[in-house]
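Structural overview for review
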Amino acid sequence: MEGTIKRHWEYICNRNKEKMKILGDKNVDSKCEDSENKFDFSVMSYNILSQDLLEDNSHLYRHCRRPVLHWSFRFPNILKEIKHFDADVLCLQEVQEDHYGTEIRPSLESLGYHCEYKMRTGRKPDGCAICFKHSKFSLLSVNPVEFFRPDVPLLDRDNVGLVLLLQPRIPSTASPALCVANTHLLYNPRRGDIKLTQLAMLLAEISSVAHQKDGSFCPIVMCGDFNSVPGSPLYSFIKEGKLNYEGLAIGKVSGQEQSSRGQRILSIPIWPPNLGISQNCVYEVQQVPKVEKTDGDPTQTQLDKTEVLVTPEKLSSHLQHHFSLSSVYSHYFPDTGIPEVTTCHSRSAITVDYIFYSAEKEDVAEKPGAEVALVGGLKLLARLSLLTEQDLWTVNGLPNENNSSDHLPLLAKFRLEL
């Protein structure tokens, strides 16, 4: 039997507490202590490795003993992990349709989860699922996103996303909704044009779902396997909200390949106008209600959606989005600078999985004694530590006897201030 890998919870507020004390913040204790007007919840993002994909890519798992690769061995381990961590929200990728229907969904429902699922288009047998605890949330809306578009030649791949709007169950307290998104972007390292377009489509849907009446956005958690590494242009775009892609080689977008020799440069714009998504990653076609009479009776009306085109933008190599997103993980161990990894098999050990969230703003002046202004969003309370590549090879990489995917589950605890 192989050894087990040990992961521990890292409590973020304690770190920030020490940092704020150094800066002379006298109100630090009140900012980190429990408050009555709060809603705490936990999120797991986990690529559970579709069995069909495992068998189609068996060369990636030559290091594994054959028995640990069987679904009958893997699923009980995966379910054990999910039960152990007991997250309030699960964002799962590579969820195989037949296994979802016969085993995954029934098992999770028995644990108190409500499950929503979106299978990949075409002949792909897996997809993304978002599951949440009945006891913590009620469901406001389900919004699947298909990245395949028959009218857009660029978008000929079968990846998907799923966006839910959830209402925290808080008695007698008005609280904002929570927007949870999950996706698995295209793997192909040489097709950064497709990856960026898929991401823009997901962000446009999030923008539509999370938009509130006052023009602001409700808190957002965006999970998934983004098939891009930390510091890559795609990753930086998510975190910084802007990207100038002029002159960028398509193979450089995700950072999975070092050489860009012989690769074409991203076109301006990346996607054609008929996609209906602006360079600000919002829908260019707005839906407005139109009242029509029915059956000749003027007292009977119905709402009919009419499309109104927004004025087209000028051609630009600048992408933007409206959200202020942070990554739960820092991607490098602070003491050594060694990279954290989220996936490990025979070919590579890198980070491609993320939990992004709309963070509270910390506006800290350079001088000591400055106040820390916290404005809106979610507060990250804790995260389950990740591991180094060396750590994972001490247990023969992934999958192994105890960890039954080639990805590690990511976990975070958040607080929503009410």
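All residue numbers here refer to positions counted from 1 along the written sequence of the relevant chain. Residues qualify for local features only when their pLDDT is at least 70, as the model is predicted, and side-chain atom pairs are given and counted only at 80 or more; totals for whole chains, interfaces and linings, by contrast, use all residues. Just so you know, side-chain values use all the structure's heavy atoms and leave hydrogens and water out.

- If you check an unreviewed UniProt entry, the protein chain appears there as Angel homolog 2 from Equus asinus.

**Quick word on the overall build of the protein chain**
- Here a helix means four or more residues in a row that DSSP labels H or I, a strand means two or more in a row labelled E, and each is numbered from the N terminus. Scanning the protein chain from terminus to terminus reveals eight helices and 21 strands.
- Residue burial is assigned from relative accessible area. The probe radius is 1.4 Å, only protein chains are included, and a residue is buried under 20% of its type maximum, exposed over 50%, and partly exposed in between. Burial analysis of the protein chain (418 residues in total) assigns 52% to the buried set.
- Only heavy atoms matter for contacts: two residues are in contact if any of them lie within 4.5 Å across the pair. Long-range contacts, defined as pairs at least 24 residues apart, comprise 70% of the intrachain contacts of the protein chain with a sequence gap of at least 6.
- Accessible surface area values rest on a Shrake-Rupley calculation with a 1.4 Å probe, where residue burial reflects the displayed protein chains alone. With the model as given, the accessible surface of the protein chain reaches about 19,800 Å², and the carbon-plus-sulfur share is 50%.

**Some details on the pattern of salt bridges**
- What counts as a salt bridge is simple: a side-chain nitrogen of Lys or Arg found within 4 Å of a carboxyl oxygen of Asp or Glu. On inspection of all chains with the given rule, the structure shows 14 salt bridges.
- For Glu401, the salt bridge is made with Arg65, and the minimal N-O distance between the two is 2.2 Å. One end of the pair, Glu401, is in the loop between helix H8 (389–393) and strand S21 (410–417); the other, Arg65, is in the loop between helix H3 (51–56) and helix H4 (71–85), with 336 residues separating them in the sequence.
- Between Lys133 and Asp86 there is a salt bridge whose closest N-O contact spans 2.6 Å.

**Observations regarding the sheet that holds strand S17 (residues 353–358)**
- Strands pair, by our definition, only if DSSP identifies at least two bridges between them. Strand order in this open sheet of six strands is S6-S7-S8-S9-S17-S14, and the pairing throughout is mixed. At either margin of the open sheet sits one strand with a lone partner, and together these are strand S6 (137–146) and strand S14 (325–327). With strand direction ignored, the average angle separating the axes of adjacent strands in the sheet is 20°.
- Inspection of the sheet shows S6 paired to strand S7 (residues 160–168) by nine bridges, in the antiparallel sense. What counts as an axis is a line fitted to C-alpha atoms, over the stretch in contact for a helix, and the angles between N-to-C directions run from 0 to 180 degrees.

**Things to note about the packing of aromatic side chains**
- Two rings from Phe, Tyr or Trp (for Trp, the six-membered ring) form a pair when their centres sit within 6.5 Å of each other. Planes less than 30 degrees apart are called stacked, planes more than 60 degrees apart edge-to-face, and all others tilted. Applying the stated criterion across every chain yields a total of 13 aromatic pairs.
- Ring centres of Tyr100 and Tyr117 lie 4.3 Å apart, and the angle between their planes is 20°; this geometry places the pair in the stacked category. With Tyr100 in helix H5 (residues 97–110) and Tyr117 in strand S4 (residues 113–119), this pair connects stretches of sequence that are 17 residues apart.
- Taking relative accessible area as the criterion, Tyr100 reaches 6% and is therefore assigned buried.
- Ring centres of Tyr354 and Phe356 lie 5.2 Å apart, and the angle between their planes is 20°; on these two criteria the pair is classed as stacked. The two residues Tyr354 and Phe356 agree in class, both being buried.
- Each residue in the set Phe39, Phe41, Phe137, Tyr357 and Phe414 is aromatic and connected to the rest through ring pairs, giving one cluster.
- In this analysis the charged atom, NZ for Lys or CZ for Arg, is taken to sit over a ring once it is within 6 Å of the ring centre and within 35 degrees of the ring normal. Sitting over the face of the ring of Trp9, Lys413 holds its NZ or CZ atom 4.2 Å from the ring centroid.

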